[in-house]
Amino acid sequence: ELIRKRAEHNEGLIFSLEEISLHQSDIEKIENIDKLCRDLKILYLQSNLIDRIENVSKLKQLEYLNLALNNVQRVENLEKCENLKKLDLTVNFVAELTSLETLRGNEFLEDLYLTGNPCSKFEDYRSFVVGTLPQLKRLDGIEITNTERLEAIQNIRSLRESVVREQNDHFLKEQRKREGRGGRWYTDIGAETAQIRDDKQPGATDKDNHNVMVEDEEGDTGNENNKDFWNEPTEYTPETRKEIHRKLEADRAAAEEQRQNVRSNKIPKRQTVLERNGKRLNLNQAKWPFRLDDCSDANLVSLEVGIPKYLGTHQIDVDVQADYVKIVAENRTFQLVLQSEVSPDASTCQRSQITGELSLKMPKLHQIPVLSSKPKVKSFKEENSQFISAEKAKNSTFLEFDSKPKVDVDYSKIVENNQKILKPMSKPAKVVIEKPVSADFIDNDDVPPLI
C-alpha cells in the first residue's frame, strides 16, 4: 500500500516504476520492493530505521540507492545490482570497512558516500576505499585523482591490515561499552543535556526543543517522565535510535488523539453548576457570541445567540425559566442568569434561516405601565408621500355629463325606422328551369342526364 501510494506520479502503476521515494516512512526492513518494482532505477530510502541491506538483488536496472540516516552496519547484497552507479550511506553505523570488497564487481559504481559512519574516522579510510574500488570517481563528494588511485592500489595490502586492526579495536570498544567496562561515550545531544541539567541553564539542543514541544502538547501531565527521558545521556546506537523513534511515535499518537477528540466534540461534559446559595452560574462552553438587551424595552428582554449556521435546529434544546435561560446544542451548554424575572409561557424563540442566529423574546413578569406615549414623528418619506397625493387631488379634472338629453341631437334616429337592416348571410340558391321535352324524344337509360 505504501508503494502504491508513493506511485501517484506514475498513475498508481507499480510494475513500470522507475523512481520511487520511501523516505521518512518508518521502514525497518526492505521487503517486496524487488518483486513489485523490478524496473526501478532510483530508490530513496533515507531517514528510516533499516538495519540491513537486503531484498534488492533482483533490481538489475538500479542506478542510485539512497540509504542515508539509517541503521546499516555493513555493506552487503549489492553484488547483483549490475548497473549501480551511486550509493549513499551517509550517517549510518558502518564500521566494517572491509565489507566494501563486495562492491568490486559493480563496474559502473562511480559515487560512494560514507560520511558520518564510524569507518570514516579510520586513519587509512580514504586510501583503502580508493584502492579497493578503483572504479570510483568520487568518494564523499571529492574527486579521486589518478595519482591517488595508483598509490592506493600499490599499497592495498598494508592499508587493509591497518583497516582490519582499527576495525577490531572499534568492535572491542563497542563490546566493552555494552558490558559496562568503561570506554563510555555519549552523543553531543546527551552531553549538552547533561551540561544543561548540571548548570541549570537553558540550551538549544534538538532534544530540549522537542521536550518543549511535548510539554506544550501534553500540558502538565507526564512532564516529569518526558524530562527524564529527554535529559538522560544516551549512546548513539541503532537501539537508541529505535527507542527515540518509539517515544516520538507515542507522543505523536497522543497529540493526534487529542486533536481528534476536539474535532469530534468529545470534550468532558460540564453540567450546569449550582452555587451554595442555590443560584445558577453563567456558562458558555462553546464560546458562542451572544447579545442581551434588557434596556431598550422596559417590559421585554431580548437575547440573540450566535448558533453555528449549519447546525440542525432539531439538535438545539432551549429552556426558558423565570430567572435564567439554558440552551444545549452539540452536548454543550449555554446558560445565562437574568437580572429580572421573565414570563416563560409568553416567551418566543425564532431562528434566522440565513445566519442561523437564535433570537429569544421574553416579556418581563412584572410589566411596567406606560403613562404617556410621545407623539409619533412622521418621517420625511411619509410627509413627502402625503404632499404628493394632495397635489394630485388638486390638479385632477373629471368629465361631466348632462343628465338631460339635448333636443338637437337624437342618437336614436341615426338609423331609419329605428330598425336594423338585416343582410342575408348567403346568396339565394338559383332555380333551375327545365326545358320542355320534344314529342319525338326517346329516353335512353345508358346516356347520363345533361346538367
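Please read these numbers as outputs of a predicted model, since none were measured by experiment.

## Points about the sheet that holds strand 12 (residues 324-329)
Here is step 1 of the chain: Read across the sheet, four strands follow the order 8-13-12-11 without closing on themselves; strand pairing throughout is antiparallel. A single partner strand is all that each edge strand has here, and the edge strands are strand 8 (283-284) and strand 11 (316-320).
Here is step 2 of the chain: In this sheet, strand 13 (residues 332-337) lies alongside strand 8 in antiparallel orientation, the contact comprising two bridges. Across the sheet, asparagine 284 pairs through a bridge with phenylalanine 334, a residue of strand 13.

## Re the pattern of salt bridges
Here is step 1 of the chain: Under the criterion given, the structure shown has 13 salt bridges.
Here is step 2 of the chain: With a closest N to O distance of 2.6 Å, glutamate 101 and arginine 160 form a salt bridge. In this pair, glutamate 101 is assigned in the loop between strand 4 (86-88) and strand 5 (111-113) and arginine 160 in helix 5 (residues 156-179), connecting sequence segments 59 residues apart.
Here is step 3 of the chain: For glutamate 101, a relative accessible area of 22% puts it in the partly exposed group.
Here is step 4 of the chain: A relative accessible area of 36% means that arginine 160 is categorised as partly exposed.
Here is step 5 of the chain: Among the salt bridges present, the one from arginine 126 reaches glutamate 148, with a minimum N-O distance of 2.8 Å. With arginine 126 in helix 3 (residues 125-132) and glutamate 148 in helix 4 (residues 146-154), this residue pair connects regions lying 22 residues apart in the sequence.
Here is step 6 of the chain: When salt bridges that share partners are traced, they join Arg52, Arg74, Glu76 and Glu96 into one network.

## Examining helix 5
Here is step 1 of the chain: Between its terminal C-alpha atoms helix 5 stretches 34 Å, which fits the 34 Å expected from 24 residues at 1.5 Å a residue.
Here is step 2 of the chain: Turning to helix 5, its buried residues number three or more, namely Leu159, Ser162, Val163, Glu166, Gln167, His170, Glu174 and Lys177.
Here is step 3 of the chain: Tucked into the core, helix 5 has its buried residues touching helix 3 and helix 4.

## Points about the packing of aromatic side chains
Here is step 1 of the chain: For the structure on display, the rule yields two aromatic pairs.
Here is step 2 of the chain: On the numbers, 5.6 Å between centres and 85° between planes, the contact of tyrosine 44 with tyrosine 64 is edge-to-face. Highlighted residues: tyrosine 44 in strand 2 (residues 42-44) and tyrosine 64 in strand 3 (residues 64-66), separated in sequence by 20 residues.
Here is step 3 of the chain: Residue classification places tyrosine 44 among the partly exposed residues on the basis of a relative accessible area of 21%.

## Focus: the nonpolar core
Here is step 1 of the chain: One finds Leu45, Leu65, Leu78, Leu97 and Leu112 to be the most contacted residues of the largest nonpolar core, which totals 47 residues.
Here is step 2 of the chain: Of all the secondary structure elements, the ones that give two or more residues to this core are helix 3 and helix 5.
Here is step 3 of the chain: The element contributing the most residues to this core is helix 3, with four residues.
Here is step 4 of the chain: Of all hydrophobic cores here, the second largest spans 19 residues; its members include Trp288, Val301, Val320 and Ile327.

## Description of the confidence of the model for the protein
Caution is warranted with low-pLDDT regions, since their predicted coordinates should not be read in detail.
Here is step 1 of the chain: Per-residue confidence for the protein gives a mean pLDDT of 78, with 73% of residues at or over 70.
Here is step 2 of the chain: Contacts for the low-pLDDT stretch residues 181-219, under 50 throughout, to residues beyond four places or in other chains number 52 contacts.

## Structural notes on the pairing of strand 13
Here is step 1 of the chain: Extensive coverage of strand 13 is indicated by the burial of five of its six residues.
Here is step 2 of the chain: Judged from the six bridges that link them, strand 12 and strand 13 form a sheet pairing that is antiparallel. Within the sheet, the bridge partner assigned to lysine 326 lies in strand 13 and is glutamine 335.
Here is step 3 of the chain: Counted between consecutive antiparallel strands, the loop separating strand 12 from strand 13 contains two residues, among which glutamate 330 sits at a positive phi close to 55°.

Rules used in this analysis
- Residues numbered from 1 in each chain as written.
- Predicted model: local features only at pLDDT ≥ 70, side-chain atom pairs only at ≥ 80, totals over all residues.
- Heavy atoms only, no water.
- Pairing = 2+ DSSP bridges.
- Helix = DSSP H or I, 4+ residues; strand = E, 2+ residues; numbered from the N terminus.
- Salt bridge = Lys/Arg side-chain N within 4 Å of Asp/Glu carboxyl O.
- Buried < 20%, exposed > 50% of the residue type's maximum accessible area, 1.4 Å probe, protein only.
- Expected span 1.5 Å × (residues − 1).
- Contact = heavy atoms within 4.5 Å.
- Phe/Tyr/Trp six-rings, centres within 6.5 Å; stacked < 30°, edge-to-face > 60°.
- Core = buried A, V, L, I, M, F, W, Y, C linked by side-chain atoms within 4.5 Å.
- pLDDT = per-residue confidence, 0-100.

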